[in-house]
Amino acid sequence: MSNTYDPNIDSKEPFIQKNFNSAGSSSTAFNPNANANNGNNNLHSNSVANGHTKNNMEIEYQNLLSTVAKLRTWLFAITGVAIAGFVILIIVVTCLYATLNYELAHHNHKPKIGEQISSMLEREELCLPCNDFRLGPSQQEKDMLTRFTQKDTETGLSCCVDTPMELIDLLKLYIEKKFRSEAAKGLVNIWPRSNSSEPKVAAHLMMTSQDLSQVSQIYGRQYTIQKWEHNQDLSFTTNVNYRHGRLVIPEDGYYYVYSQISFMELYSAHESDGSGRGGSEYPSLSHYIYRYNILYDQGGEEKLIQNSITKCWGQSKTFGEYTSNLGAVLQLRNSDEIFVKVSNLSLVSIDSKMSFFGLFKI
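Cut-off values and rules
- Residues numbered from 1 in each chain as written.
- Predicted model: local features only at pLDDT ≥ 70, side-chain atom pairs only at ≥ 80, totals over all residues.
- Heavy atoms only, no water.
- Helix = DSSP H or I, 4+ residues; strand = E, 2+ residues; numbered from the N terminus.
- Buried < 20%, exposed > 50% of the residue type's maximum accessible area, 1.4 Å probe, protein only.
- Phe/Tyr/Trp six-rings, centres within 6.5 Å; stacked < 30°, edge-to-face > 60°.
- Core = buried A, V, L, I, M, F, W, Y, C linked by side-chain atoms within 4.5 Å.
- Patch = residues over 30% accessible without salt bridge, like charges linked within 9 Å, V, L, I, M, F, W, Y side chains within 5 Å.
- Areas by Shrake-Rupley, 256 points an atom, 1.4 Å probe, with all protein chains shown as cover.
- Salt bridge = Lys/Arg side-chain N within 4 Å of Asp/Glu carboxyl O.
- Pairing = 2+ DSSP bridges.
- Axes fitted to C-alpha atoms, helices over the stretch in contact; angles between N-to-C directions.
- Contact = heavy atoms within 4.5 Å.

### Overview of the environment of Asn 239
Examined against the element boundaries, Asn 239 turns out to sit in the loop between β7 (236-238) and β8 (241-243). The partly exposed category is assigned to Asn 239, whose relative accessible area is 36%.

Below, the structure is given as structure tokens:
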């Protein structure tokens, strides 16, 4: 081919022609057979890949089945062990229960300590002063000692026991009295520490019916009011204990103590002449406030305040009503037990608004 320039020919044509020939020789022309071969190769590759994936899934499935089988085996083994242990436990409990029943049925000897105490009490009964076990002045606390045989001795009234159970009951009373004694000395704190935001010590008791079956009315004697209403109606106790008709002081301090007792007496026609209850046999009525402390001498009782009323009567009187009021600021100590006495318990009105008793700390 000549390289001589021809002005009649387009200047771009040699360049286009050359580039076209170069491209034709270096690139592959469209060939339908070649495309078909490429498609077959792709299908073969996909089928091989799918085969490998299927094999992997089957292997994983087999592994999963194997794992489930192992878990099932372990579960059966654990269940079997649990059942066997439960059966063994039942057998052991049954054997122990049978052994215990046998021991109880054939147990014919007393414990060593109990046997020694029984032997000692069979030879000689144990007698101790009753005052060493008396917990208080109320009738309920006195009745606690009636379960024992009481004998008059040179040292006073003694309580005697002749069985181990009576000895245990006597020891319980001794421990209770010892505890109260330690609390009264301040060695044992039975009261929670008071907080300034808590209510102060206060109580108001109201009269209720009394048990007069064991009361022998004798002029000149004093009778304790043994029962008050302390948690119903208007009655209450705040930071203070109620014990057998007494209010137990929780801590040392100054307290205002008050009481009102109303006496009511009805006269029949043959008593209006001055004989009988309306006459000179009971010319006056007395009202007292006492305190009891297990540490005090003379039985632990001490009279604090008193009021007496002289009765008046006439030929035409059909009833008599007398009211006594007591109240004072008293310096009381920890574990003092405040209570009320009267000279004639049978004449006290049981109206809760007419007869009452209370205190509060100043």
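### As for the packing of aromatic side chains
Inspection of the entire model under this criterion finds 7 aromatic pairs. Aromatic side chains Tyr 256 and Phe 360 sit 5.5 Å apart centroid to centroid with 35° between the ring planes, which places their arrangement in the tilted category. A residue pair is termed long-range when its members are at least 10 positions apart, and Tyr 256 in strand β10 (residues 253-266) and Phe 360 in strand β15 (residues 356-361) qualify at 104 residues. The interplanar angle of 65° and the centroid separation of 6.1 Å between the aromatic rings of Tyr 288 and Tyr 290 together place this pair among those described as edge-to-face. The class for Tyr 288 is buried, based on a relative accessible area of 7%. Residue Tyr 290 is classed as buried on the basis of its relative accessible area of 10%.

### Observations regarding the nonpolar core
Counting 32 residues, the largest nonpolar core has Val 257 and Ile 261 as its most contacted members. The element best represented in this core is strand β13 (residues 319-332), accounting for 5 residues. Phe 133, Phe 148, Leu 167 and Leu 170 belong to the second-largest nonpolar core, a separate cluster that totals 10 residues.

### Description of a nonpolar patch on the surface
Residues Phe 86, Leu 89, Ile 90 and Val 93 make up a contiguous nonpolar surface patch of roughly 390 Å² in combined accessible area. Assignment of secondary structure puts Ile 90 in helix α2 (residues 32-105). Assessed through its relative accessible area of 41%, Ile 90 is described here as partly exposed.

### Some words on the sheet that holds strand β3 (residues 156-161)
Pairing in this open sheet of 3 strands is antiparallel, and the strands run β1-β3-β2 from one edge to the other. A strand with exactly one partner marks an edge of an open sheet, and here the two such strands are β1 (126-129) and β2 (149-153). When the angles between neighbouring strand axes are averaged without regard to direction, this sheet yields 35°. Relative to β3, β2 is paired through 5 bridges, and the arrangement is antiparallel. What sits directly across from Asp 152, in β3, is Leu 157. Helix α5 (residues 164-184) rests against β1 and β3 of the sheet, and its axis sits at about 130° to β3.

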